[in-house]
Amino acid sequence: MIDWYFWLVLIGKSLVAAAYLTVVISTIVVIVLDNRNPVKTIAWILVLLFIPIVGLVFYFFFGRSQRHVRIISRKGYGKLMKKSVAEYQAQESTRLPDAYIRLVTLFRNLNQSLPFDGNSVRIFTSGDTMLQALLKQIQQARHHIHIESYIIADDAVGRMVRDALAERARAGVEVRVIYDDVGCWHVPPAFFEQMREEGIEVRSFLEVRFPRFTSKVNYRNHRKIIVIDGRVGFVGGMNLAERYVRGVSWGVWRDTHLMLEGRAVHGLQTTFLLDWFVVDHTLLTASVYFPRMSDYGTAQIQIVTGEPIGMWREIMQGLCMAINGARKYFYIQTPYFLPTDPVLQAMQTAALADVDVRLMIPARADSRMTHLGSCSYLADVLQAGVKVYMYNKGFLHSKLMVSDDRLCTVGSTNVDFRSFEHNFEANAFIYDMETALQMREIFLNDQRDCTQIFLKSWVKRPRRLKVAESVMRLLSPLL
């Protein structure tokens, strides 16, 4: 007698397997035809082949490319850029630094980042001093406050900033806030709802809601930008959360942030208003957001943004050019070191050419997986002569780079695949001797709290640790 139930179950399983196999093969074809970095392509293919079902779901959420997407029309972008261009053209004279003309030109061509003269730069290396300066500037705001942060936590710091913003909103100041939906997943909705009740305009960036926008979960707004009255701006690595002030259980939270005064704030304003258009569909171009300014200092600054749309990797390409252009030294601080091949090769090439290349990462990070991946790259740079330091005093979250006493950059960009490929980032590139010398001194002071890593001892690490690092390296394009 024929067991119909058995055959029906067998046929059903076969159809499901065939359908799944078809979907996987189709997805692999899409990945291959997307012409991505070969390492990333192979990583995704391995995930799809060796992690059934879960790998497909993982790709659906984190793997699809958005490089072809346009977030604002050319007409709208042109209207907004006119304000910055007008202020740029109004400068009495703009002498580009001879050693960095090509770098400045690259950034202008990639995303219309304009170099502005006459800026002052104040550097913060602790969350406490940055928070005090921010609250002071908020209290002095007269027309508008624009805040964009990956994390705004519902803790002592987040509530302190929220209350300060609410007070200015009640006084008639325009207050707009953008927070990242994934970065603030653990923040209760009531926290932002209270902001709205106080008259603050609050929007989340690329809300992740199933099934719509699930493909956007991998494309996060990692920028930390604050603009007050179009004249004062903050940019760097600090979010608005208590741990940036109090530190972590194993030590301090060492970060770097900037307060800018001058025309370069127009670059921060343009970036914020572009992102505001994305979240609110309102294009703000009034002159009051771009006030005319005289000189505040001597620093020349470009605000450079990176994003997962378009065909270029703006900050990564600029970083490669800056490293290749270094003549004496290039120092890098980053919490995560998962470099793309161009950045890795630029560091190796510079070190082999007797440029003093130094890399500083935390001895202990907030993510075990990314730290293991970071460690897997250290032998590659050590072999080329890069000096590697591990920060022991706490968690090094600083994204600081300085070169040749002339160039430095601080912002939200880590030296990793995620920042270069997937995140919306913002950095200030500063062409100024005084600021560069301050940054160099900050790096050297931090170096005193580090352990230098040498190749001879590094290669003697336990085999099991090397295996774990190699596995994480394989997945580094996906982390």
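Our subject is the structure that appears above.
These notes cover the structure that comes with them. Keep in mind it's a predicted model, so treat the numbers as computed, not measured.

1. Focus: the nonpolar core
Then, number 1: Counting residues in hydrophobic clusters, the biggest one holds 47 residues, and the most contacted among them are Phe337, Met347 and Leu378.
Then, number 2: Once you skip the residues sitting within four places of it in the chain, Met347 turns out to touch Ile323, Ile332, Phe337, Val357, Leu359, Val381 and Val386.
Then, number 3: With 46 residues, the next largest nonpolar core counts Ile138, Phe192, Phe234 and Ala365 among its residues.

2. Here's the deal with unusual backbone geometry
Then, number 1: Unlike most non-glycine residues, Gln112 shows phi in positive territory, near 55°.
Then, number 2: Along the chain, Gln112 turns up in the loop between α5 (101-111) and β1 (116-124).
Then, number 3: Positive phi values are uncommon outside glycine, yet Asp405 reaches one of about 60°.
Then, number 4: Among the secondary structure elements, Asp405 is positioned in the loop between β15 (400-403) and β16 (407-411).

3. A short note on the packing of α5 against helix α11 (residues 314-325)
Then, number 1: Two elements in contact, α5 and α11, have axes separated by 10 Å at closest approach and are oriented at 170°. Classified by the angle between their axes, α5 and α11 sit roughly antiparallel to one another. Along the contact surface, α5 presents Arg102, Leu103, Leu106, Phe107, Leu110 and Asn111, while α11 presents Glu314, Gln317, Gly318, Met321 and Ala322.
Then, number 2: A breakdown of the residues in the contact of α5 with α11 according to their chemical character gives 6 nonpolar, 3 polar and 2 charged.

The rules we used
- Residues numbered from 1 in each chain as written.
- Predicted model: local features only at pLDDT ≥ 70, side-chain atom pairs only at ≥ 80, totals over all residues.
- Heavy atoms only, no water.
- Core = buried A, V, L, I, M, F, W, Y, C linked by side-chain atoms within 4.5 Å.
- Buried < 20%, exposed > 50% of the residue type's maximum accessible area, 1.4 Å probe, protein only.
- Contact = heavy atoms within 4.5 Å.
- Helix = DSSP H or I, 4+ residues; strand = E, 2+ residues; numbered from the N terminus.
- Axes fitted to C-alpha atoms, helices over the stretch in contact; angles between N-to-C directions.
- Parallel < 35°, antiparallel > 145°, perpendicular 65-115°, else oblique.
- Nonpolar A, V, L, I, M, F, W, Y, C, P; charged D, E, K, R; others polar.

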